[in-house]
Amino acid sequence: TPAAPAAGDHDRPLVVAHRGASAYAPENTLAAIDKARDMGFRWVENDVQRTKDGELVIMHDDNLKRTTNVEEVFPGRSPWKVKDFTAAEIAKLDAGSWFSPKYAGERVPTLAQYMRRVSRNHQKLVFEFKKPELYPGIEKQGLRVLRETGWLDKHHVKSKLVIQSFSADSVKTVHKLRPDVKTGFLGTPSIADLPAYAEFSDQINSTHTSISTAYVAAIHAFKGPHGKPLEIFTWTVNDAANARRAASFGVDGIITNTPDVVRKALRDH
Ligand code: G3P
Ligand code: CA
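Just so it is clear, the structure is predicted and the values come from calculations on it, not from any experiment.

Procedures and definitions
Residue positions are given per chain, counted from 1 along the sequence in the order it is written. Going through the entries in the order they are written, you letter the chains from A and number the ligands from 1. Residue-level local features of this predicted model are given only where pLDDT is at least 70; pairs of side-chain atoms are given and counted only at 80 or more, and the full residue set underlies all totals for whole chains, interfaces and linings. In this text, helices come from DSSP runs of H or I with a minimum length of four residues, and strands from runs of E with a minimum of two, each type numbered from the N-terminal end. All radius of gyration figures rest on C-alpha atoms, and the globule criterion is 2.2 Å times the number of residues raised to 0.38. Using C-beta atoms placed from the backbone, we call a residue buried if 20 or more other C-beta atoms fall within 10 Å of its own, exposed if 12 or fewer do, and partly exposed for counts in between. Note on contacts: each residue gets a C-beta atom placed from the backbone, and two residues are in contact if those atoms are within 7 Å. Structural elements are reduced to axes, namely lines fitted to C-alpha atoms, with helices fitted over the stretch in contact, and the angle between N-to-C directions of any two is expressed from 0 to 180 degrees. Any angle that is under 35 degrees is reported as roughly parallel, and any over 145 degrees as roughly antiparallel; angles of 65 to 115 degrees are reported as roughly perpendicular and all others as oblique. By the definition used in this description, the sense in which the near helix is turned from the far one sets the handedness, with an anticlockwise turn below a right angle giving left-handed and a clockwise turn giving right-handed. UniProt positions are given in the numbering used here, feature names are shortened, and annotations may be inferred rather than shown by experiment. At least two DSSP bridges between two strands are needed for those strands to be called paired. Defining nearness, a residue is near a molecule or strand when the C-beta atom obtained from its backbone falls within 6 Å of it. Asp, Glu, Lys and Arg are counted as charged, while Ala, Val, Leu, Ile, Met, Phe, Trp, Tyr, Cys and Pro are counted as nonpolar; the rest, among them Gly, fall into the polar class. Working definition: the arc comes from the directions between the helix axis and the C-beta atoms, pointing outward to the latter.

**Quick word on the overall build of the chain**
Step number 1: For the chain, the count of helices and strands is 11 helices and 9 strands.
Step number 2: Scaling as 2.2 N^0.38, a compact globule of 269 residues should have a C-alpha radius of gyration of about 18 Å, and the chain matches this with 18 Å.
Step number 3: Dimensions along the principal axes, computed over C-alpha positions, put the chain at roughly 50 × 40 × 35 Å.
Step number 4: Of all 269 residues assigned to the chain, the portion counted as buried reaches 44%.
Step number 5: Long-range contacts, defined here as pairs at least 24 residues apart, represent 59% of the contacts in the chain between residues at least 6 apart.

**Brief notes about the packing of helix α10 (residues 240-249) against helix α11 (residues 259-268)**
Step number 1: Interhelical geometry of α10 versus α11 gives an angle of 60 degrees and a closest axis separation of 9 Å. Considering the angle they form, α10 stands oblique to α11. Here the hand of the crossing between α10 and α11 comes out right-handed. Here Ala-240, Ala-243, Arg-244 and Ala-247 of α10 come into contact with α11, specifically with Val-261, Val-262, Ala-265 and Leu-266.

**Some words on the UniProt feature "domain: GP-PDE" (unreviewed entry) in the chain**
Step number 1: Residues annotated by UniProt as "domain: GP-PDE" (unreviewed entry) correspond here to residues 13-266.
Step number 2: With 34% helix and 16% strand, residues 13-266 has its two end C-alpha atoms placed 9 Å apart.

**Points about the pairing of strand β5 (residues 161-165)**
Step number 1: For β5, the buried fraction is high: 4 of the 5 residues fall into the buried class.
Step number 2: Pairing between strand β4 (residues 124-129) and β5: 4 bridges, direction parallel. Looking across to β5, one finds that Leu-125 is bridged to Leu-161.
Step number 3: In terms of strand pairing, β5 meets strand β6 (residues 182-186) through 4 bridges, oriented parallel. What sits directly across from Ser-165, in β6, is Phe-185.

**Re the site of ligand 1**
Step number 1: Around ligand 1, the neighbouring residues are His-18, Glu-45, Asp-47, His-60, Val-126, Glu-128, Leu-186, Asn-205, Trp-235 and Ile-255.
Step number 2: Counting only elements with at least two residues in the shell around ligand 1, the list comes to β2 (43-50) and β4.
Step number 3: Of the residues in the shell around ligand 1, the class split is 4 nonpolar, 3 polar and 3 charged.

**Focus: unusual backbone geometry**
Step number 1: Put simply, Ser-78 and Pro-79 share a cis peptide bond, and its omega is 5 degrees.
Step number 2: Looking at the element boundaries, Pro-79 is found in the loop between α2 (70-73) and α3 (87-91).
Step number 3: Even without glycine at this site, Arg-19 takes up a positive phi of about 60 degrees.
Step number 4: Residue placement: Arg-19 occurs in the loop between β1 (14-17) and α1 (30-38).
Step number 5: You will see that His-122, though not glycine, has its phi angle at about 55 degrees, which is positive.
Step number 6: As for its position among the elements, His-122 is in the loop between α4 (111-120) and β4.
Step number 7: Owing to 14 C-beta atoms within 10 Å, His-122 belongs among the partly exposed residues under this scheme.

**Here we look at α11**
Step number 1: Buried within α11 are the following residues: Pro-259, Val-262 and Ala-265. The buried residues of α11 all sit within an arc of 130 degrees when viewed along its axis, so they share a single face. Those residues of α11 that are exposed and angled more than 90 degrees off the buried face are Arg-267 and Asp-268.
Step number 2: Buried positions along α11 lie against β1, α1, α10 and β9 (253-256).

Structure representation (structure tokens):
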């Protein structure tokens, strides 16, 4: 078993490897989370969608074109949507060559495969339901896979998992189904609207270009569904100046394709 990464949770802001260490390995693959582990990062982020036959897979776009060789393998199947392919078909795709020949043969992981690897790597996860409106019932299904892979036991729920979405309805559904699980809403609600989000969301995860010291302070002033101050993980910060700027606002986490750059910027500060 690989050694646990060094960085602990006491250092704030937490540095979260976006889609894995996606500047250095193909996004949302097992190689990308292994790369984050090898670089010493405990927290990773992913995106979850559903295949035609109902398997959950790790993929950012709702379309397979950008990050696999689907056009080559299934030339007649335009527009190559995730939801129009079976899990067996997706398992045939190369999800690494588009990034670099070094990663040829890397696969699109199923959610279960991905969770087992996050466990093996002793990592923690910001889990995103991507476009949940396309996949009715995906929250219940995703939670089932998390339970089956050991991710809904007390220990994991306490400190290893956040489930987020751009869809407030999806976050609400997750909170309703599993009130113990930490949740995040992706977006930048007005300060006046924060109390409504705080009913079901522990985090307000905004793009770094939309936030300020005042906004972060406002977030921290409200208590989330678990009675603790709301948190903010901001994204996607890939350079030193913006990392220092976000940290100066007092954010709780920085989601980044280049976790090494962010870590160095925070240490040198
Ligand atoms: O985790 C935040 C970020 O991933 C949201 O945007 O499009 O990269 O999923 P996106
Ligand atoms: Ca994401």
